[in-house]
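# Architecture and fold: a report
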Amino acid sequence: MTSGSAAAQRHGSLTWLVLPALALFTAFGVIPLIGVLLLSFTSWNGIGEITPIGFDNWMSVLGDPGLVHSLGVTFLIMALSWLVQTPLSILVGVFISGQQRYRAVLAVLYFTPLLLSSAAIAITYKALLDPNFGLGASLGIPLLVQNWLGDPVLAVGTVVFVVSWQYIPFHSLIYQGAVRQIPASLYEAARIDGAGRVRQFFSITLPQLKYTMITSSTLMVAGSMTLFDLIFVLTLGGPSDATRVLALDMYLRGFRGNQMGPASVIALIIVVVAVLLAMGIQRLGGKDAGESQLEGA
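Residues numbered from 1 in each chain as written. Predicted model: local features only at pLDDT ≥ 70, side-chain atom pairs only at ≥ 80, totals over all residues. Heavy atoms only, no water.

As annotated in an unreviewed UniProt entry, the chain is Sugar ABC transporter permease from Pseudonocardia adelaidensis. Quoted verbatim from the Subcellular location (unreviewed entry) field of the UniProt record, the comment on the chain reads "Cell membrane". The UniProt entry for the chain carries the following comment under Sequence similarities (unreviewed entry): "Belongs to the binding-protein-dependent transport system permease family." (UniProt positions renumbered as here; feature names shortened; annotations may be inferred.)

## A few points about the overall build of the chain
Of regular secondary structure, the chain possesses 14 helices and 2 strands. Over its C-alpha atoms, taken along the principal directions, the chain stretches across nearly 70 × 70 × 30 Å. Each of the 297 residues in the chain was classed as buried or not, and the buried ones make up 34%. Long-range pairs, those at least 24 residues apart, make up 67% of the contacts in the chain with a sequence separation of at least 6. Accessible area for the chain stands at about 17,500 Å²; split by element, carbon and sulfur atoms hold 69% of it. In the chain, 14 side chains carry a positive charge and 13 a negative one; their mean positions are 13 Å apart. (Helix = DSSP H or I, 4+ residues; strand = E, 2+ residues; numbered from the N terminus. Buried < 20%, exposed > 50% of the residue type's maximum accessible area, 1.4 Å probe, protein only. Contact = heavy atoms within 4.5 Å. Areas by Shrake-Rupley, 256 points an atom, 1.4 Å probe, with all protein chains shown as cover. Lys, Arg positive; Asp, Glu negative; His and termini not counted. Charge placed at Lys NZ, Arg CZ, Asp CG, Glu CD.)

## Regarding the packing of aromatic side chains
To describe a pair of aromatic rings, you give the distance between the ring centres and the angle between the ring planes. Applying the stated criterion across every chain yields a total of 9 aromatic pairs. Both rings, one in Y125 and one in F161, keep their centres 5.9 Å apart while their planes meet at 80 degrees; by these two values the pair is edge-to-face. Of this pair, Y125 sits in helix α5 (residues 118-128) while F161 sits in helix α7 (residues 152-180), placing them 36 residues apart in sequence. Ring centres 5.3 Å apart and planes at 25 degrees place the aromatic pair F228 and F232 in the stacked group. Owing to a relative accessible area of 23%, F228 belongs among the partly exposed residues under this scheme. (Phe/Tyr/Trp six-rings, centres within 6.5 Å; stacked < 30°, edge-to-face > 60°.)

## Quick notes on the packing of helix α8 (residues 184-192) against helix α9 (residues 197-208)
Between α8 and α9, whose axes approach to 10 Å, the crossing angle comes to 160 degrees. Taken together, the axis directions place α8 and α9 in an arrangement best described as roughly antiparallel. The chirality of how α8 crosses α9 is right-handed. For the pair α8 and α9, the contacting residues are L186, Y187, A190 and R191 in the first and Q200, I204, T205 and Q208 in the second. The residue inventory of the contact of α8 with α9, partitioned by class, reads 4 nonpolar, 3 polar and 1 charged. (Axes fitted to C-alpha atoms, helices over the stretch in contact; angles between N-to-C directions. Parallel < 35°, antiparallel > 145°, perpendicular 65-115°, else oblique. Left-handed = near helix turned anticlockwise from the far one by under 90°. Nonpolar A, V, L, I, M, F, W, Y, C, P; charged D, E, K, R; others polar.)

## Topic: the confidence of the model for the chain
The pLDDT averaged across the chain works out to 87; a share of 92% of its residues lies at or above 70. Note that pLDDT drops below 50 for residues 289-297; the model gives that stretch 3 contacts with residues more than four away or on any other chain. (pLDDT = per-residue confidence, 0-100.)

## Topic: the UniProt feature "domain: ABC transmembrane type-1" (unreviewed entry) in the chain
Here, UniProt's "domain: ABC transmembrane type-1" (unreviewed entry) annotation points to residues 71-281. Annotation note: span residues 71-281, helix share 74%, strand share 0%, distance between end C-alpha atoms 18 Å.

## Here we look at the UniProt feature "transmembrane region" (unreviewed entry) in the chain
UniProt feature "transmembrane region" (unreviewed entry): in the numbering of this structure it lies at residues 21-47, 67-96, 108-128, 148-168, 219-240 and 260-281. In this annotation, residues 67-96 is assigned 100% helix and 0% strand; the end-to-end C-alpha distance for the span is 41 Å. Secondary structure within residues 108-128 divides into 67% helix and 0% strand; the distance between the first and last C-alpha atoms comes to 24 Å.

## Details of the pattern of salt bridges
Think of it this way: side chains of opposite charge can pair up when their charged atoms draw near. Summed over all chains, the structure comprises 4 salt bridges. A salt bridge links D241 to R244, with the nearest nitrogen and oxygen atoms 3.9 Å apart. Taken together, the shared-partner salt bridges in this structure form one network comprising D64, D241, R244, D249 and R253. (Salt bridge = Lys/Arg side-chain N within 4 Å of Asp/Glu carboxyl O.)

## Digging into the packing of α7 against helix α10 (residues 210-225)
It is the contact of α7 with α10, at a shortest axis distance of 10 Å, that shows an interaxial angle of 165 degrees. In terms of orientation, α7 lies roughly antiparallel with respect to α10. Judged by the twist between their axes, the crossing of α7 over α10 is right-handed. Contacts from F170, H171, I174, Y175 and A178 in α7 reach T212, M213, S216, L219 and M220 in α10.

What follows is the structure in structure tokens.
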């Protein structure tokens, strides 16, 4: 068998392996997205007759100042979450990638938030942060007795804190695996040259985690654009719409206001913005990022 025929046979085998995933993606991703696109050009309250109305929904949503506000809140929470989660996730991932036994126990404790649902986490923190009956009032700590969910600035900070608390373990797991893939010979050579742990971290570990940071950041962006359940339970977009992100705005318009057309427009905006941001982050890695991913595959 020639090398050309062997490559063709291997390519054919890979095609058959991709087909099931492609079929699922088409059935549960592409087709629903097309349905949402068609629905954005109609008037529908979720129960009655669907009436085509052209571009009225798009003109109404794009001209609504509330869309700009929700988009700004989404970007704000996204940026703050990235600034908090990325450095902490890297530090935790590097720490638990060691071989000491006690680090395995700590790793289990760190990953506990991943086992909890966002709704349960939101309910718990909402009770703990209650200024009258929460943790601060029970322990008599004035610093903790704040109107955490009633003040716009504190509410945004609280959402960022809770989101980071829940998802830092996930991103730490990604960084942990990446750190363990770094060749030990690099650290051995650095120790021979007299480099300490801090110098090794900034000269070896961080540069080697470049593409992992791109992957982690892409996941953070996608998660921030679709963040809904935690904010819905924790603040319901308040106070004064200070935490009304796009996904929550879509829900409130569609299922509270019975305006499925405008809600579909916002859903498409979420998809487009998320894709553009993800593509922008991927381009930061340059050509080497794609080559690195192909080599890893």
